Amino acid sequence: MSDDPLLSPRAKAGRAPDVFAPGGWIPMHAYREDEAVDFVIVGTGAGGGTLACKLAEAGFSVVAMDAGPYFRPLEDFASDESEQTKLYWTDDRIVDGENPLQMGSNNSGKAVGGSTVHFAMVSLRFRPEWFRSRTLLGYGADWPLDWREMWRYYAKVEQALKIAGPVTYPWGPPRPRYPYRAHEMNAAALALARGCEAMGIGWTETPLATLSAPRGRAHPCVYRGFCTTGCSTNAKQSALVTWIPRAIAAGAEIRDLAMVGRVEVNDAGRATGVHYHREGGWRFQKARNVVVAGYAIETPRLLLNSATSRFPDGLANSSGLVGKNLMAQSNQAVWGISKDEIRSYKGPPSLAITEHWNYDDNKDFFGGYSYMSQGPLPQLWANTQMSARGLWGDSLMAEMERYNHVVGLKIVGEMLPQESNRVTLADAKDQYGLPIARITYSWSENDRALIDHSLRFMARALEAIDAREIWTQDDDTCHLNGTARMGGDPRTSVVDADCRSWDIRNLWICDGSVFPTVGGVNPSLTIQAIACRTGDRIKALAALGDL
Amino acid sequence: MPDRFPGYDVLSKRWTPSWNQKTREVINRRLALTNEPRYLTAEEFALVTVIAARIVPQPGHRPPVPVAALIDHQLDRDQGDGYRHAGMPPLQEAWRQGLRALNAEAQAAHEAPFDQLRTADQDALLTQMQEGKLKDAAWGGMSSATFFKQRLAHDIVHAYYAHPTAWNEIGWGGPASPRGYVRMDANERDPWEAAEVKDGDVEAARRKNRHVG
Amino acid sequence: MRTAIDKTMQNQLVAIAAQLDVLEKGLSQHFPRREPTVRAARRLNGASGILSMSVLADSGIEHYRGSFENKAMFTPLVMSALSLAVSAHGTADSRPDAHRIRDAVYAAAALTGVVGTGFHVYNVLKRPGRLSWQNLFYGAPLGAPMAILLSGLLGVYSERLRDDRGASPTVFGLPAGRTLAALTGAGLLGTAGEAGLLHFRGAYHNPFMYAPVTIPPVAAGLLGAAAAGFSGRTRWLTRWWLRLTALLGFAGAGFHAYGVSRNMGGWRNWRQTVLNGPPLPAPPSFTGLALAGLAALGLLEDHTDA
Ligand SMILES: Cc1cc2nc3c(=O)[nH]c(=O)nc-3n(C[C@H](O)[C@H](O)[C@H](O)COP(=O)(O)OP(=O)(O)OC[C@H]3O[C@@H](n4cnc5c(N)ncnc54)[C@H](O)[C@@H]3O)c2cc1C
Ligand code: SF4
């Protein structure tokens, strides 16, 4: 049998890979397919992986499936951009609209651990007001969650991931000290800091989900800078090395290379399990509850693909909102050349941040943005020069020679929810014969205003530190949210505050899809906080006999 | 162009702690690729070679990065990006169709296939493609600008910068695990990183680069 | 696994303790009772030597990390090497007089510490964030040059002791034993402060990381009490506590060696892990200071009014 994790599943027959030991194994519970488990979870990323851990630790029987492979980072990850594309969701998808999104490496993972296996580890809290942005700030939609409760769950996730952050965080209400100290800033981060000081705004070290000191069998970060292509040292606190091992220790079963094609619903309108493709054939796992956690594209696709005569528009879709209000985040950048050698490839890419414009409401547009220092690797950088700046030929080669002198700032900006930005099903089919997703995206006027503001401001920040030949990259986006928003009203939301679908009460959605708005910070800490809360809520509901 | 990082060879780190076993395997496989087509036809392969020489021109004084072979390998394994613009066919089809369309445009404009054109004419055609001005029927509904940005130049640039030779040219540290980096501030260089020529002192940089490892 | 390591660690500690004891007994046999002041001076030379050794290794490693960007970064290496050499000479030298070259080297070492502190403060202040945690953690370590200052001071002190011809030794007109006790106490506190800062940076991820921020401050307190002239009744405790602190210096180096192995690539990746892992040569400064404290206690015992 091959030990290529991309070709044959590793987690089976009562054992799963030990991510901390090359070739190692850990024992894992194995559930029968024909006996209903309490929960089957589709997707093991920030949402699904976290919830699998929480539910297993609460004593539920859990099977969590992922379409992607089960890696042991120490032995499977090369220091190589091309090779590591194996972490991404590269099944076919179609993009359109006025501003078609880039998918694949830009935002979607496919692995046990989901996109957290290749995420950049930036772990930020929402600004409290964003949970009521409609009421307090006049745009978007209110969340059915209270920020004070979220504050407590954020703290739990920060502990669970041993987030390395500044001793005191300059923005927002007080938060407990981060469990680990901030990392040493690289030259790119120091450049951000100098720029902020010149512009008279605050900056700090970015709270990151990568270790600044040893933890258990995980090593601290070695500043190799390959974070978005997978961390081969296990310093990165991805779901793969945190929640998943905990989930398995608590009795959960993980099934890798298991693509769920359809959620089964019975005549009574209750979910009964999932059809999934593994080892060459379609199989069925019975379950009392189904959790969909496939991220903001695959979650609506699965719900839409699971339509029945009773639910002709897809599951959980009486509001008609499944797939709608897709929100990326703006990810524009300003780049320049420094006379110094910056070598931004060293260390995690975003070691310093300013959230100034998230907390300053003196702007002529809605929403906010943070911006961070950058460290693109060569393929990504060359392609940026080609696609965003149009360079090729000798001008590209000359520009690339100055790679070590590049300094850049990049935003994570809030984009407003619009129903016209959405995921639908295309005619084309994937390798399993399932209709693929069509992703339609156009920026709003407000989105553009925010982007313009950020580009102007960051350009001045770079000028202030004497960077030369400054240019702006204005076409990029990152992160995916929305498409199954939570809310307090079944007519205007897909799930309630507990991530439970209004229409099918034993169907849950627990991932980035549930966000009503995105804010100006990276989403995964919030996804994990919501998953922790959902876990607690399910436990409480079960105790009340209310599942 | 004078060499900015004289004597720097990222491969000299192959057996140091900067490279783990997996990385060695992957790069060895890449370096072992032979310069002959597996997926593309011989003519297509030759055409890709000519286009690549315009997109990522290489100096004559060193063995070239086999860009066409890398692209062919990608096509052979049908390694897409996970998305395509509406109107763009899947990877393999897009390349075939794009190459055909480019030759059709060359014929229409200069009555010769693309690889027979003077480099200035080749560049002019590629620029028109980048600007979306090529509209021959051979494009079959595919936008030439999208093909350039999302496929042709995208794949060529990725192929070129997947090669250690390209890493040497830009002074990147290359693979880095288990050993990462220590010296993080501006102008600080770990002894296993490329040294850049400073104040015209080529020899000093060369001396440092000889000891990279 | 952990407990196995703890066990071996424990056994090693006991073994080292036994050896220290032998060493101390051996030393006191070596130094005839009639020359207690010279004996104390030689012990101080020894203590200064251990500190110099720690500085030599530490500044060597740290300034290598800094690629000797500035030629002045060689100074602490040269000075600590010289100081180490004259300390060896002094430890072996039972003549009662101060030695001009030793004296000069020690004074220069102390001066290096002062100037070095200035450089390090400048380095930190020019980074964005100024006196922020980031710069205290990762900028030039503010406390490090203090170690060479201390080693120089202890040396100068030892030479003054030799100079002293009075019945009860004084240095710069102050009672020698007490001043020395106060000085080492302060040194221990400062060094514990630096360990505290760096262990805070490491988030005290291992409980043993609390040792250097608890044991040496207690030793400092006991030395302070001795300096303040509290009666000799707790002196046995002070002595034993100082010995414990001296041991801690050795044990710390062992822990740090383990810490290096805990980093990615372990010792095989030493070119990174020795620099990014816990500093191997730092903990022995506790040993040097504790030995100086023991010398101070010796002085106080031999001359109740010292
Ligand atoms: C390059 C990059 C950098 C990023 N950096 C950051 C950052 O610094 N900070 C931050 O907060 N966020 C970051 N993100 C975003 C972050 O990774 C995601 O927001 C987060 O992981 C989403 O969590 P999720 O649970 O919704 O989905 P995911 O983590 O993507 O998990 C979904 C999982 O479901 C599986 N799946 C989907 N459909 C099916 C199916 N039908 N059957 C079986 N399995 C299925 C997928 O294989 C996948 O593993 C980054 C993302 C990228 C791509
Ligand atoms: S820089 Fe740190 S977190 Fe990123 S890949 Fe390297 S070890 Fe992992």
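Residues numbered from 1 in each chain as written. Chains lettered and ligands numbered in written order. Predicted model: local features only at pLDDT ≥ 70, side-chain atom pairs only at ≥ 80, totals over all residues.

1. A word on the overall build of chain C
Secondary structure assignment for chain C yields 11 helices and 2 strands. When the helices and strands of chain C are listed from N to C terminus, the series reads α-α-α-α-α-α-β-β-α-α-α-α-α. Sorting the 306 residues of chain C into buried and exposed places 47% on the buried side. A separation of at least 24 residues holds for 74% of the contacts in chain C among residues at least 6 apart in sequence. (Helix = DSSP H or I, 4+ residues; strand = E, 2+ residues; numbered from the N terminus. Buried ≥ 20, exposed ≤ 12 C-beta atoms within 10 Å, placed from the backbone. Contact = placed C-beta atoms within 7 Å.)

2. Points about helix α7 (residues 295-305) of chain A
Working note: α-helix, 3.6 residues per turn, so residues spaced by three or four point in the same direction. Counting buried positions along α7 of chain A gives 9 out of 11 residues, so the element sits mostly inside the fold. When we look at burial in α7 of chain A, the residues that qualify are Tyr295, Ala296, Ile297, Glu298, Thr299, Pro300, Arg301, Leu302 and Leu303 of chain A.

3. As for the sheet that holds strand β18 (residues 422-429) of chain A
One open sheet holds the 4 strands; their spatial order is β18(A)-β19(A)-β5(A)-β1(B), and the pairing between them is mixed. A strand with exactly one partner marks an edge of an open sheet, and here the two such strands are β18 of chain A together with β1 (84-85) of chain B. Here 3 bridges tie strand β5 (residues 94-96) of chain A to strand β19 (residues 435-440) of chain A, and the two strands are oriented parallel to one another. Looking at the pairing, Val95 of chain A lines up with Ile439 of chain A of β19 of chain A. Where α7 of chain A meets the sheet, its contacts fall on β18 and β19 of chain A, and the angle it forms with β18 of chain A comes to roughly 65 degrees. (Pairing = 2+ DSSP bridges. Axes fitted to C-alpha atoms, helices over the stretch in contact; angles between N-to-C directions.)

4. Digging into the interface of chain B and chain A
Counting from both sides, the interface comprises 45 residues of chain B and, opposite them, 57 residues of chain A. Counting residues per element, the ones that place at least two in the side of chain B that touches chain A are α1 (21-31), α2 (42-55), β1, α5 (119-130), α6 (144-160) and α7 (164-170) of chain B. Of the residues belonging to the side of chain B that touches chain A, the class tally is 21 nonpolar, 13 polar and 11 charged. (Nonpolar A, V, L, I, M, F, W, Y, C, P; charged D, E, K, R; others polar.)

5. What about the interface of chain C and chain A?
Each side of the interface is counted separately: chain C has 15 residues, and chain A has 19 residues. Sort the elements by how many residues they give to the side of chain C that touches chain A and helix α5 (residues 133-138) of chain C lands first, with 4 residues. Partitioned by chemical class, the residues of the side of chain C that touches chain A number 7 nonpolar, 6 polar and 2 charged.

6. Observations concerning the site of ligand 2
Taken together, 15 residues are adjacent to ligand 2, and Thr210, Cys221, Arg224, Cys227 and Cys231 of chain A come closest. Chains contributing residues to the immediate surroundings of ligand 2 are chains A and B. Per-class residue counts for the shell around ligand 2 are 8 nonpolar, 5 polar and 2 charged. (Near = placed C-beta within 6 Å.)

7. Comments concerning the site of ligand 1
Residue and element names in this part refer to chain A. Residues in close proximity to ligand 1 total 39 residues, the closest being Gly43, Gly45, Gly114, Gly294 and Asp511. For the shell around ligand 1, the elements supplying multiple residues, two or more each, are α1 (46-57), β10 (259-265), α7 and α12 (524-543). In terms of residue class, the shell around ligand 1 is built from 17 nonpolar, 18 polar and 4 charged.

8. Looking at the nonpolar core
Within the largest apolar cluster, 231 residues are counted, with the highest numbers of intra-cluster contacts made by Ala52 and Val62 of chain A together with Ile156 of chain B. Per-domain counts for this core show at least three residues from each of domain 1 (1-18 + 173-213) and domain 2 (27-166) of chain B. The next biggest cluster of nonpolar side chains, apart from the first, holds 63 residues, and it includes Ala40, Leu51, Val171 and Ala296 of chain C. (Core = buried A, V, L, I, M, F, W, Y, C linked by C-beta atoms within 7 Å. Domains from an automatic or database assignment.)

9. A few points about unusual backbone geometry
With omega at 5 degrees, the peptide bond leading from Ser177 of chain B into Pro178 of chain B counts as cis. With respect to the element layout, Pro178 of chain B can be found in the loop between α7 and α8 (202-210). Positive phi is not limited to glycine here, since Tyr223 of chain A has a value of about 60 degrees. By secondary structure assignment, the location of Tyr223 of chain A is in the loop between β8 (204-205) and α6 (243-249). A count of 26 C-beta atoms within 10 Å places Tyr223 of chain A in the buried class.

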